[in-house]
Structures are given as structure tokens and as C-alpha cells.
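Chain and residue survey
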Amino acid sequence: MAEEKVRLLLCMECKTIEELPDYQGNSREDFLLENLTARHVYPDGNRHVGQLMSISKKHWQNPHYKDEVVKKITKHIGGEASEGLGVDFYTTKNTFQEDAMVCWKKHNRTLDCGDFRSKRVMLTPGTNADRKAAGLPKYRSAKDRYLCDFCPVMNRVRADLCAKTTPKE
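Residues numbered from 1 in each chain as written. Predicted model: local features only at pLDDT ≥ 70, side-chain atom pairs only at ≥ 80, totals over all residues. Heavy atoms only, no water.

What about empty space enclosed by the protein?
Heads up, the condition is: Grid points spaced at 1 Å over the protein atoms alone were grouped into cavities, where a 1.4 Å probe fits but cannot get out, and pockets, open sets with protein on both sides within 12 Å along at least five of seven lines, with lining residues defined by an atom within 4 Å of a point. Grid points are joined across faces, edges and corners, and a volume is the space filled by probe spheres set on the points. Each helix is a run of H or I in the DSSP string that is no shorter than four residues. Each strand is a run of E no shorter than two, and both are numbered from the N terminus. Each residue is assigned to one class: nonpolar for Ala, Val, Leu, Ile, Met, Phe, Trp, Tyr, Cys and Pro, charged for Asp, Glu, Lys and Arg, and polar for all the others, Gly among them.
The full count for this structure, using the stated rule, is one cavity of 30 Å³ or more. Its boundaries defined by the atoms lining it, the largest cavity holds a volume of some 140 Å³. What lines the largest cavity is a set of 14 residues, among which Cys103, Trp104, Cys113, Cys148 and Cys151 lie closest to the centre. Contributions of two or more residues to the lining of the largest cavity are made by helix H5 (95-106) and helix H7 (154-165). Here the element with the most residues in the lining of the largest cavity is H5; it accounts for three residues. Classifying every residue of the lining of the largest cavity by side-chain character gives eleven nonpolar, two polar and one charged.

A word on the side chain of Thr37
Quick note on the threshold: Under the rule applied, a polar contact is a pair of N or O atoms within 3.5 Å (in protein, one hydrogen donor and one hydrogen acceptor; residues adjacent in sequence only if both atoms are side-chain atoms). Residue contacts are defined here by distance: any two heavy atoms, one from each residue, within 4.5 Å place the two residues in contact.
Within the element layout of this structure, Thr37 appears in helix H1 (residues 31-37). A polar side-chain atom of Thr37 sits 3.2 Å from the main-chain carbonyl oxygen of Glu34. Looking at Thr37, its side chain comes within polar contact range of the side chain of Arg47, at 2.6 Å. The residues touching Thr37, leaving out its near neighbours within four places in the chain, are Leu9 and Arg47.

Some details on the layout of surface pockets
The calculated volume of the largest pocket comes to roughly 300 Å³. Residue lining of the largest pocket: 13 residues in total, with Val6, Glu19, Pro21, Asp22 and Lys57 positioned closest to the centre. Sorting the residues of the lining of the largest pocket by element identifies strand E1 (5-11) and strand E2 (16-21) as the ones contributing at least two each. Ranked by the residues each element gives to the lining of the largest pocket, the list is headed by E2, at three residues. Counted by class, the lining of the largest pocket contains four nonpolar, three polar and six charged residues. Put simply, the second largest pocket is a space of about 170 Å³. Taken together, Lys119, Met122, Thr124, Asn128, Lys138 and Tyr139 form the lining of the second largest pocket. Of the residues in the lining of the second largest pocket, the class split is two nonpolar, two polar and two charged.

Describing the nonpolar core
Across soluble globular proteins, you tend to see nonpolar side chains buried next to one another. Our working rule: For our purposes a nonpolar core is just a set of buried Ala, Val, Leu, Ile, Met, Phe, Trp, Tyr and Cys residues, chained together by side-chain atoms within 4.5 Å. Note on classification: 1.4 Å probe, protein chains only; a residue is buried when its accessible area is under 20% of the maximum for its type, exposed when over 50%, partly exposed between these limits.
Core analysis: the biggest nonpolar cluster contains 23 residues, and Leu20 and Phe96 have the highest contact counts within it. At the level of secondary structure, the elements contributing two or more residues to this core comprise H1, H5, strand E5 (122-123) and H7. Here Phe96 is in contact with Leu20, Leu32, Asn35, Leu36, Arg39, Leu123, Leu147 and Phe150, once residues within four sequence places are set aside. Formed by eight residues, the second largest nonpolar core is a distinct cluster that contains Leu8, Ile55, Trp60 and Val70.

In short, shape yes, function no, at least from these values alone.
Next comes the structure, spelled out in C-alpha cells:
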């Protein structure tokens, strides 16, 4: 079985390292990466310069290894200049998990979320204007991802939904 990996998106402008789940498909269908990079833009609409890398999930979850990885990334990217700024200059975060926690708190920490996999929480690429200009229909994919996938109670909500829709014997 293949080793589980985590992707890290390094933004040179924001000085952040953001965690993403691994993806092994067509890069044009990597909607989580598209959604995350769309948040890193200059006022003129151009995207920040960044770098995407992959690391073993078991190493990234180990606090000691994680600190060492961040130190090496900081040293490699910033060279000597980053030494004075310290390791905390590059903050790490799991953006989608943090957004899911905000959503869950907004819904009063419910276990029966009314927004479960609704259009409001769908993570889509920010291509609406481009699609409209090209005469294409609104975005839709069989590989849709939702903020719910990162929610702390997602498994419970999914089990409750399944119990409601499963025919009783």
C-alpha cells in the first residue's frame, strides 16, 4: 500500500505553509489546490508566487519532524535573511480544517447540520467569470469537494444522513 502523503503549499508573499490532502489525479481537477491558491492574490488579481511540495503524512504529524521541515523550508527559501526572522515567520495552517471549524461554530456546533454538502459549502475553483466569458455553463463536477469533508463532525452527520435514507427492514 502506498504511503499517505500531505501536500504543503508555501506562499512566498504571505509567508505561510498551508496543508492540503494528497491528490493523485488530473491537475486540472485539483479543485482544493485551485480554491486555496485563489486566496493568495495581489490587489490586481495576479496570484502570489508559491511552491507546492509533498511530505509523508506520518512525518508531518510528528511535531519534532514538522518543526524540522519548517526550519529547512525557511532556510532554503529565505536563506540567511530568514535566520533573523525565526521559524515562526512561516506559519503553518490547515486552511480547510480551520474554515470547517468556523462553519461548525457558526452552526452552533450542531450534529445535524442543515448545510451538509449544500452549494453554500462547495469548494469550487474561482472560474465563474472566465467560464461566463467563454460561454460555458456554471461549474459542475463529479469530483466535487465540500467544506464538510473537513468538519470535525462529518462522520457523524454522514452516518445520520445514511440512517435516514436507508430503507428500514
